[in-house]
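Per-entry structural report
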Amino acid sequence: MNISDYISIFAIVFVMFNGILGSVLVVIYGERKVLARLQQRIGPSRTGPWGILQTLADAVKLVLKEDIRPQNSDRIIFYLAPLIIFTPIFMLWVVLPFGSGLVLGDIDLGLFYVSALLGLSVVGMVAAGWSSNSKYAMLGSARSAAQLISYELPLILSILSVGLFAQLFTDNPFNLSSIVNAQAGLPFIFVMPLAFVLFLIGGLAETARIPFDIPHADEEIVGGAFVEYSGIRWGAFQLSEYTGLITMAFLASILFLGGWSGPFSDKFVWLQPFYISSKTAFIILLAFWIRAPLPRLRIDQLMAFAWKAIIPISFANFILVSLVVFIGDRISLPIFQIQLILGLLNLISMIALAYLLTSRRKRRLAVYRERWGEK
Amino acid sequence: MFTALFLFFLWRPISLGTTTGLFTALKHAFRRPVTLQYPTEQPVLAPRFMAHPVLTWDFEVDEPYCTGCLICMKICPTDVITVSMKDNEKFASEDSKRRKIVDDFKLDVADCIMCGLCVDYCNFDAIVMSDHFDASVDNRSNLVHDLQTLLDEGKGQQEKGRWSPPATKKSQRRSAAQAKVSKPSSSEEAKESTSEENEIETD
Amino acid sequence: METKATVIRDENSETAELRINMGPQHPATHGVFRMVLTLDGERVVTVEPHIGYLHRGSEKLTEGENFQQITTLFDRLDYISNFNNEWVYVRTVERAMEVEIPERAEFIRIILGELNRIASHFLFYGTYGLDIGAMNPVMIGFRERERIQALFEGVSGARMMHNYFRVGGVKEDLPDGFVPAINALLEHLKKGYEDAKNILTESEIFIERTAGIGALDAERTLDYGVTGPVLRAAGVDYDIRKADPYSMYSDLDFSVPLGSHGDCYDRYMVRMLEIEQSIKIIEQCIRRLPDGPIQGKVSRILRPPEGDFFVHGENPRGDLGVYLVSTGGTVRPYRLKIRGPSFSNLMALSSMMEGAYLADSTVILGSLDIVLGEVDR
C-alpha cells in the first residue's frame with residue numbers, strides 16, 4: 001500500500017463519519033419536528049429557517065459544556081464507555097451497502113458481522129453504569145443489559161431467517177449486497193412479514209425507544225446509564241443511540257424492503273442511494289410515530305414479552321422458513337411458488353397470532369369493560 | 001393483494017386499544033398547532049387581565065387621582081405599597097377638589113402578587129391593574145416603581161382604554177347597586193361605610 | 001392482574017438492599033417531594049417520604065392577615081385548583097358571619113369551581129401519562145387546561161391566582177359574552193376528552209401498567225383518611241357535594257363515579273369520569289344561571305363573631321377542610337387550620353408502594369395527584 005491508498009481510505013472514512021453525524025443531526029431534528037406535529041406543536045422554529053439549525057446548536061452547546069466526572073467514579077472505564085458504545089455502531093456501516101457496489105467492505109459474512117457488532121453496545125452500557133458510581137446509573141445499566149440481551153435473540157433470528165431464504169437466490173446468502181439483489185423481484189417483507197415485524201420490535205427494543213425505553217426511563221431513573229455524563233460524552237451516547245436507530249432502519253430496509261432496488265434503479269444508478277434512504281426514513285418515521293402516544297412497559301412485562309411471546313414466535317418463524325426453504329429446495333419447486341407458499345404461511349400465522357393476541361387483549365380490556373361498563 | 005388481504009383480516013385486531021391511541025396521535029398531525037410563538041406573536045389579553053397595579057391621571061385637573069389615603073397600603077397582603085400624602089397646592093388655588101394629594105408612592109413589583117385588592121379597595125379609583133405582564137428587568141432595584149413611573153404606566157393604560165374615569169364608573173356602580181339590593185341608600189350609612197373603610201386595619 | 005414475581009436467588013451469594021434517593025429534584029415527584037426508597041433489585045422494600053421543601057407557613061401567615069387578604073393565600077395552597085380553595089375559605093367566613101349569598105353568585109362559583117376541577121383532572125391526565133412514559137397525553141392535558149385558563153383570565157383577570165371569590169359573593173360579574181365563550185369551551189373540552197380517552201383509557205400498555213398497582217381497599221383508605229378520587233376509586237361513596245351538600249349542589253343532577261378495586265387504573269378512571277360529570281354540572285348551571293346581584297350584604301370589613309367554624313368542600317384532590325377559630329370582633333383569625341387532601345392522601349403512600357416495582361413507584365405517586373403547595377403548605 002502506498003501513500004495514496006492511505007489517503008483514499010482516510011478520505012472515505014472521513015466522508016462516512018461525517019455523513020453519519022450529519023444524518024444523526026437530521027434525524028434528531030426530524031424527530032423533534034415530527035413529534036411536535038403529532039402533538040399539535042410546532043417544534044424547533046427559531047434557529048435558522050424552520051429551526052433546522054437547532055440540533056447543530058445543541059451539539060455545539062454540548063461540545064462547549066464542562067465535562068464532569070463524578071467523584072469516586074472509575075476514571076478509565078468512565079471515559080472509555082462512550083467510545084465502547086460509539087465504535088461498534090459505526091463499524092457496522094462498513095458493510096452496509098448504499099447501492100450496488102457502493103459499499104466499503106462487501107464481506108461474505110456480512111450478516112454475521114452485523115449481528116456480532118449489534119451485541120457489543122451492551123458492554124458500553126454496563127461499563128457506563130458501573131463506572132459512574134451512581135445508583136441510578138447502576139439500575140439503568142442493569143436494566144439495559146437485561147433488555148438488550150433479551151431482544152438480541154429475536155433480532156438475530158429474524159436476520160438469520162432472511163439469510164436462510166436468500167439461499168434460494170444466491171450462493172452468497174449472508175452478503176448484504178446479494179440479499180438486496182435477491183429482492184429485486186419481490187421484497188422480503190411480502191414473503192416474510194412476520195420476520196419483519198419481529199425485526200422491528202427487536203430493533204425498537206435494541207435502540208431503547210418507547211415503548212421499550214426502560215434503560216432510560218426518564219421518569220424513574222432519569223436517563224439510566226448516562227445520568228452522570230455531561231457535555232460531549234453525553235452527546236456521544238446520544239449520537240450512538242440515534243446512529244443505532246438509523247442503522248436499524250437501514251438494516252430493515254436492506255433485509256426486508258429491498259434495499260436500493262426500486263423502479264428504474266438498474267438504469268439510473270444515482271437513484272439507488274435515494275431509494276434506500278427514503279426506505280430508511282420511512283422506518284424511522286414509524287419509530288417516531290410509535291413513540292408519541294405509547295406508554296412505557298415495566299421491566300418484568302418487557303421481559304415476559306420477550307421471553308414468552310417474541311422469542312418463541314421468532315423460533316417458530318425461523319423453523320417455518322427453514323422448513324419451507326429446505327423442502328422447496330428438495331422437491332425443486334420454482335422460486336415463485338416457494339415465495340407464494342412462504343408468504344401465505346406467514347400471513348396465516350400472522351393472522352392467527354393477531355387473533356390470539358386479540359383474545360389476550362380482550363381479556364385485558366375486560367378489566368376496563370367489566371369495571372366501567374360500556375357507556 | 002397481499003396488503004388488502006392483510007388489512008382485511010387484521011383490521012379488527014388492530015382497531016383496538018393501543019392502536020386507537022396511535023391513530024389519535026396521527027390525527028393530531030393534521031390539526032393546526034396550538035403553539036403561541038410568544039415574542040413574535042403577542043398573546044391576546046383579557047380586558048380584566050391583572051399585572052401589577054399602576055396609578056391613574058386626572059387629565060381634567062392635570063394631577064393624579066390618588067390622594068394618598070393609604071388604604072391600598074393597608075389592604076395589600078404582601079406590603080409592597082408605600083404611600084405618603086401632602087397638601088394639594090391646586091386645592092389652595094381652587095383648581096382641584098382634592099384637599100390632599102399623593103406625595104410619594106413606591107411599589108415593589110418583585111413582591112407584588114397581583115391580587116387586585118388595592119384596586120378593589122381604592123375609594124378614589126386611583127389604581128388600575130396594568131397589562132404589563134413581561135416585567136423582567138436586569139436589576140432587582142428596577143422593580144421598585146416610583147410615583148412617576150406608575151403614573152406614566154397608568155397613562156398608557158388609560159390610553160389603551162383599560163380604565164374608565166371614576167364618574168362613569170361610580171354612576172355605573174350606583175345603578176348596579178340600586179338594581180342589586182334594596183339597600184336603604186341613606187347618606188349616613190354611606191358615610192359610615194367610608195369611615196369604616198378607612199380604618200381597615202385598626203385592630 | 002396482580003403480578004407476583006418469584007425471586008430466584010443463589011443462597012450463597014451476598015445481596016444487599018439499595019437505598020436510593022428520589023427527589024426533591026426528580027422529574028416524577030410532582031414538585032419538591034422527596035422519598036427515600038429501599039430497593040431489593042427492582043422491588044421497593046420500604047419508602048420514607050420526606051415533605052416540607054415548599055413549606056411557607058400558610059396557616060401561620062393567616063393569623064397576620066385580614067380576612068379579605070387570606071383568599072390570596074388560599075390561591076397559593078393547591079395551585080392547580082385555586083377556585084375550589086378560595087371557595088372553601090369564603091364559605092367558612094360566610095358561615096361564621098351568616099351571610100346570605102345571592103343565587104347568581106352561587107352559580108358562578110359552581111361553574112368556575114367545576115371548570116377548575118376539569119382543569120385539574122386534565123393536568124392529572126397529562127402528568128400521569130408522562131409518569132408512565134407517554135408523551136402525547138401531557139400535550140392534550142395542557143392544551144385543554146390552557147383553554148380553561150384563558151376563560152379564567154377573562155373572568156377573574158388571572159390565570160391561576162384569581163382572588164375572585166369574595167365573602168358574600170364574587171368580585172365582579174361575569175364578563176360580556178361569557179355564556180357563548182363557555183359553550184364553545186365545553187365543546188372543545190368534550191373533543192379533548194375524547195382525544196384523551198382514546199390515547200390512554202383502552203391502551204393495553206396503560207392498563208397493564210396501572211391495573212392492580214397500588215391497590216388500597218376501602219377499609220384501609222378509610223383508616224388513612226384518604227379522600228377524593230383515591231377514596232372513591234376504592235368504592236367508598238363519599239363525595240362532599242352529595243354527602244354534605246353545599247352551595248346549589250343538592251339541586252343539580254350529577255352522579256359520583258365509583259371504582260371497585262382501588263388501584264391506579266380506577267383512580268384514573270374516576271378522575272376521567274368526573275370530567276364528564278363536571279361538564280354535565282356546568283351545562284345545567286349555564287341553563288339555570290339567573291340574573292341578579294353577585295354580592296351579598298357584607299360590610300367591607302369582615303369581623304366574624306366569636307366561635308369555632310369548620311367547613312369543608314370537595315376539591316379535585318379530595319376533602320379540603322378549613323377550621324377557623326375567631327375571637328370575635330377582630331379582623332384577623334385567631335387560628336386557621338387547613339386540612340389538605342393531598343397531605344392526607346400522601347399518608348397512604350408507603351402502604352401502597354411497598355412490594356411494588358421501582359417503575360410502579362412513580363405510577364403510584366402520580367395516581368395520588370398530589371400538589372406539594374398544599375402538602376407542605
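Only a predicted model underlies this, so the values are computations on that prediction, with no experimental measurement involved.

Here we take up the overall build of chain C. Helices and strands together make up the secondary structure of chain C, namely 15 helices and eight strands. Here the C-alpha atoms of chain C give a radius of gyration of 21 Å, agreeing with the 21 Å that 2.2 N^0.38 yields for 377 residues. On the principal axes, the C-alpha backbone points of chain C span a range of 80 × 45 × 35 Å. Counting over 377 residues, chain C shows a buried share of 64%.

This part covers the environment of A:Ala205. All names here are of chain A. Locating Ala-205 in the fold gives a position in helix α9 (residues 193-206). Taking the C-alpha atoms as reference points, Ala-205 and Phe-315, 110 residues apart in sequence, are found 18 Å from one another. With residues up to four places along the chain from it excluded, the contact list for Ala-205 reads Gln-147, Leu-148, Tyr-151 and Phe-212.

Residue and element names in this part refer to chain C. Interaxial distance between helix α4 (residues 103-132) and helix α5 (residues 136-156) falls to 7 Å at its minimum, and their mutual angle equals 155°. Accordingly, the angle class assigned to the pair α4 and α5 is roughly antiparallel. With respect to the hand of their crossing, α4 and α5 are arranged in left-handed fashion. Each of Leu-112, Leu-115, Asn-116, Ile-118, Ala-119, Phe-122, Leu-123, Tyr-125, Gly-126, Gly-129 and Leu-130 in α4 lies in contact with α5, whose residues at this interface are Pro-137, Val-138, Ile-140, Gly-141, Phe-142, Glu-144, Arg-145, Ile-148, Leu-151, Phe-152 and Val-155. For the contact of α4 with α5, a count of residues per class yields 16 nonpolar, four polar and two charged.

What follows deals with empty space enclosed by the protein. Inspection of the entire model under this criterion finds five cavities of 30 Å³ or more. Counted as a void, the largest cavity has a volume near 220 Å³. Breaking the lining of the largest cavity down by element, the ones donating at least two residues are α3 (75-92), α4 (110-118), α5 (121-131) and α10 (231-255) of chain A. No other element matches α10(A), which puts six residues into the lining of the largest cavity. When the residues that make up the lining of the largest cavity are grouped by side-chain class, the tally is 10 nonpolar, six polar and two charged. What the second largest cavity holds in volume is close to 90 Å³. Lining the second largest cavity we find 16 residues, and of these B:Cys76, B:Pro77, B:Cys112, B:Cys115 and B:Cys118 sit closest to its centre. Tallied by class, the residues present in the lining of the second largest cavity amount to 14 nonpolar, two polar and no charged.

It is worth spelling out the sheet that holds strand β2 (residues 34-40) of chain C at this point. Judged by pairing direction, the sheet is antiparallel, and its three strands sit side by side in the order β1-β2-β3 (chain C) without closing on themselves. The outermost strands of the open sheet, each flanked by one partner alone, are β1 (18-22) and β3 (43-50) of chain C. Taken pair by pair, the neighbouring strands of this sheet meet at an average axis angle of 20°, ignoring direction. Pairing analysis gives five bridges linking β1(C) to β2(C), with the strands arranged antiparallel. Residue C:Met22 lies in a different strand from β2(C), and its bridge partner there is C:Met35. The strands touched by helix α6 (residues 135-166) of chain A within the sheet are β1 and β2 of chain C, with β1(C) carrying the most contacts at an inclination of about 110°. Strands in contact with helix α14 (residues 358-368) of chain C are β1, β2 and β3 of chain C; relative to β2(C), the strand with the most contacts, it is inclined by about 150°.

It is worth spelling out the pattern of salt bridges at this point. All names here are of chain C. If you walk through the whole model with that rule in mind, you get 39 salt bridges over all chains. The partner of Arg-220 in a salt bridge is Asp-217, and the shortest N-O contact between them spans 3.9 Å. For Asp-217, a relative accessible area of 42% translates into the label partly exposed. Arg-271 is the salt-bridge partner of Asp-369, the closest N and O atoms lying 3.9 Å from each other. Here Asp-369, found in the loop between α14 and α15 (372-376), pairs with Arg-271, found in helix α11 (residues 264-288); they are 98 residues apart in sequence, far enough to count as distant.

Listed by partner, the interface residues are 51 residues for chain C and 37 residues for chain A. Run the count over chain C and chain A and you get two salt bridges. Two residues, A:Arg298 and C:Asp360, come together in a salt bridge whose shortest N-O distance is 3.0 Å. Remark: the boundary between chain C and chain A carries 12 residue pairs in polar contact (both at pLDDT 80 or more). Of all elements in the fold, only β1, α4, α5, α6 (178-201), α7 (204-210), α11 and α14 of chain C reach the threshold of two or more residues within the side of chain C that touches chain A. When grouped by side-chain class, the residues that make up the side of chain C that touches chain A number 27 nonpolar, 12 polar and 12 charged.

Residues and elements named next belong to chain A. End to end, helix α1 (residues 3-38) covers 52 Å across 36 residues, agreeing with the expected 52 Å (1.5 Å per residue, within 8%). What α1 keeps buried is the set Met-16, Ile-20, Val-24, Val-27, Ile-28, Tyr-29, Gly-30, Glu-31, Lys-33, Leu-35, Ala-36 and Leu-38. One or two positions beyond α1, positive phi appears at Gln-40, with a value near 60°.

What follows concerns unusual backbone geometry. In this structure, A:Asn133 takes a positive phi of about 55° despite not being glycine. Relative to the elements of secondary structure, A:Asn133 occurs in the loop between α5 and α6. Positive phi is not limited to glycine here, since B:Asp79 has a value of about 55°. Its place among the elements puts B:Asp79 in the loop between α3 (71-75) and β4 (81-87). The exposure class assigned to B:Asp79 is exposed, which follows from its relative accessible area of 60%.

This next bit is on the sheet that holds strand β7 (residues 318-326) of chain C. Residues and elements named next belong to chain C. Across the sheet, which stays open at both edges, the three strands sit in the order β6-β7-β8 with antiparallel pairing between neighbours. With partners counted over all chains shown, the strands left at the sheet margins are β6 (307-315) and β8 (335-339), one partner each. In this sheet, neighbouring strand axes are inclined to one another by 15° on average, regardless of whether the strands run parallel or antiparallel. Of the strand pairs in this sheet, β7 and β8 are connected by five bridges, and their pairing is antiparallel. Bridging across to β8, Leu-324 finds its partner in Leu-336. Strand contacts of helix α3 (residues 82-97): β6, β7 and β8, with the helix running at about 150° to β6, the strand carrying the most contacts.

This part is about the environment of C:Asp263. Residue and element names in this part refer to chain C. Residue position: Asp-263 is located in the loop between α10 (240-243) and α11. Taking relative accessible area as the criterion, Asp-263 reaches 1% and is therefore assigned buried. Along the primary structure Asp-263 and Gly-212 are separated by 51 residues, whereas in three dimensions their C-alpha atoms are 5.4 Å apart. Reaching out from Asp-263, the side chain makes a polar contact with the backbone nitrogen of Asp-266 at a distance of 3.0 Å.

Reading guide: rules and limits
- Residues numbered from 1 in each chain as written.
- Chains lettered and ligands numbered in written order.
- Predicted model: local features only at pLDDT ≥ 70, side-chain atom pairs only at ≥ 80, totals over all residues.
- Heavy atoms only, no water.
- Helix = DSSP H or I, 4+ residues; strand = E, 2+ residues; numbered from the N terminus.
- Rg over C-alpha atoms; globule rule 2.2 N^0.38 Å.
- Buried < 20%, exposed > 50% of the residue type's maximum accessible area, 1.4 Å probe, protein only.
- Contact = heavy atoms within 4.5 Å.
- Axes fitted to C-alpha atoms, helices over the stretch in contact; angles between N-to-C directions.
- Parallel < 35°, antiparallel > 145°, perpendicular 65-115°, else oblique.
- Left-handed = near helix turned anticlockwise from the far one by under 90°.
- Nonpolar A, V, L, I, M, F, W, Y, C, P; charged D, E, K, R; others polar.
- 1 Å grid on protein atoms, 1.4 Å probe; cavity = no way out; pocket = protein on both sides within 12 Å on 5 of 7 lines; lining within 4 Å.
- Points joined across faces, edges and corners; volume = space filled by probe spheres on them.
- Pairing = 2+ DSSP bridges.
- Salt bridge = Lys/Arg side-chain N within 4 Å of Asp/Glu carboxyl O.
- Polar contact = N/O pair within 3.5 Å; in protein donor to acceptor, adjacent residues only side chain to side chain.
- Expected span 1.5 Å × (residues − 1).

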